[in-house]
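Residue strings, one per chain:
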Amino acid sequence: IIFDFRMDYSVAPDPFTDEKIKKISPGGQTTVPVNIENLGDLNDTFELSLEGIPSGWEVYFIDETKLAITEISLITPAFGSGNHSATIPIYVMAPQTVPFGHKVKLTLTGKSLGSEDSPLETEIRTDILLLDVIESDRITIECREPEKRVNPGNTVGYEIKVTNKGNKQEDIILTIEGGKL
């Protein structure tokens, strides 16, 4: 009786550090596909877990209906047809206020539940994924009354609200068309 499986995810390693890094913007969301394959000679269920999730972040495995899951059952390839492998995405959503350059180190763990009852050791695979927060340019400009009529010799005032919703300092330059400063 052999319990064995492969678990990896589709993120190319950084050429300089060999770390697997997924970039994400503040308030952004992404998925990281994790490939799991049953290499043993028995059907098996695999427990999936993530460690290192900071407060305010949403990070979890999801199924095809986007529901959070913690296990997947796969048949043995020895039986021929059927699902002996699967791709399970990790859903990630960063908080709006996370600063540029912030890194999150996640530990992905897969455990063969079938091997727990085996006289051999429990089969466990782990891998590390780094989430790297990138710069975000998100400026909003609001003007409650963008169009006003002004009579000769009179003045009008405008209230303009500029909000930096990104994670880096921005220089704002306003220009006016159709008039002179």
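Everything that follows concerns the structure shown earlier in this document.
Notes on the structure in this doc start here. In this numbering scheme, every chain counts its residues from 1 along its sequence in written order. The predicted origin of the model limits local features to residues at a pLDDT of at least 70 and limits the giving and counting of side-chain atom pairs to 80 or more, whereas totals for whole chains, interfaces and linings rest on all residues. Heavy atoms from the whole structure form the basis of all side-chain values; hydrogens and water molecules are not counted.

Considerations on the overall build of the chain
Reasoning step 1: Note on conventions: DSSP H or I runs of at least 4 residues are helices, E runs of at least 2 residues are strands, and numbering of each starts at the N terminus. Counting its secondary structure elements, the chain contains 0 helices and 11 strands.
Reasoning step 2: Both definitions apply: the radius of gyration is a C-alpha atom measure, and the globule rule equals 2.2 Å times residues to the power 0.38. Since a compact globule built from 181 residues should have a radius of gyration of about 16 Å, the 26 Å found for the chain marks it as more spread out than a globular shape.
Reasoning step 3: With the principal axes as the frame, the chain shows a C-alpha extent of 95 × 35 × 25 Å.
Reasoning step 4: We call a residue buried when its accessible area falls under 20% of the maximum for its residue type, exposed when it is over 50%, and partly exposed in between, using a 1.4 Å probe and counting protein chains only. Each of the 181 residues in the chain was classed as buried or not, and the buried ones make up 30%.
Reasoning step 5: What sets the accessible areas is the Shrake-Rupley method with a 1.4 Å probe; for residues, cover comes only from the shown protein chains. Taken as a whole, the chain presents about 11900 Å² of accessible surface, with 50% of it coming from carbon and sulfur.
Reasoning step 6: The positive count covers Lys and Arg only, the negative count covers Asp and Glu only, and His and the chain ends enter neither. Here the site of a charge means atom NZ of a Lys, CZ of an Arg, CG of an Asp or CD of a Glu. Of note, the chain has its 17 positive side-chain charges centred 13 Å away from the centre of its 29 negative side-chain charges.

Observations concerning the pairing of strand β5 (residues 58-61)
Reasoning step 1: Burial along β5 is one-sided: the face carrying Val59 and Phe61 is buried and the face carrying Glu58 and Tyr60 is not.
Reasoning step 2: Two strands make a pair as long as DSSP finds a minimum of two bridges between them. Across 4 bridges, β5 lies against strand β7 (residues 85-93) in antiparallel orientation. In the strand pairing of β7, valine 59 is matched with valine 92.

Side note on the sheet that holds β7
Reasoning step 1: With respect to topology, 4 strands assemble into an open sheet ordered β1-β3-β7-β5, the strand pairing being antiparallel. In the strand order of this sheet, the two ends are held by β1 (5-9) and β5, each with one partner. Strand-to-strand twist across the sheet, computed as the mean angle between neighbouring axes with direction ignored, equals 15°.
Reasoning step 2: In the sheet, β1 pairs with strand β3 (residues 29-38) via 5 bridges, with the strands oriented antiparallel. Bridge pairing in β3 links tyrosine 9 to valine 34. Axis definition: a line fit to C-alpha positions, over the contact stretch in the case of helices; interaxial angles, taken between N-to-C directions, run 0 to 180 degrees.

Some remarks on the pairing of β7
Reasoning step 1: Inspection of the sheet shows β3 paired to β7 by 9 bridges, in the antiparallel sense. Bridge pairing in β7 places glutamine 29 opposite methionine 93.

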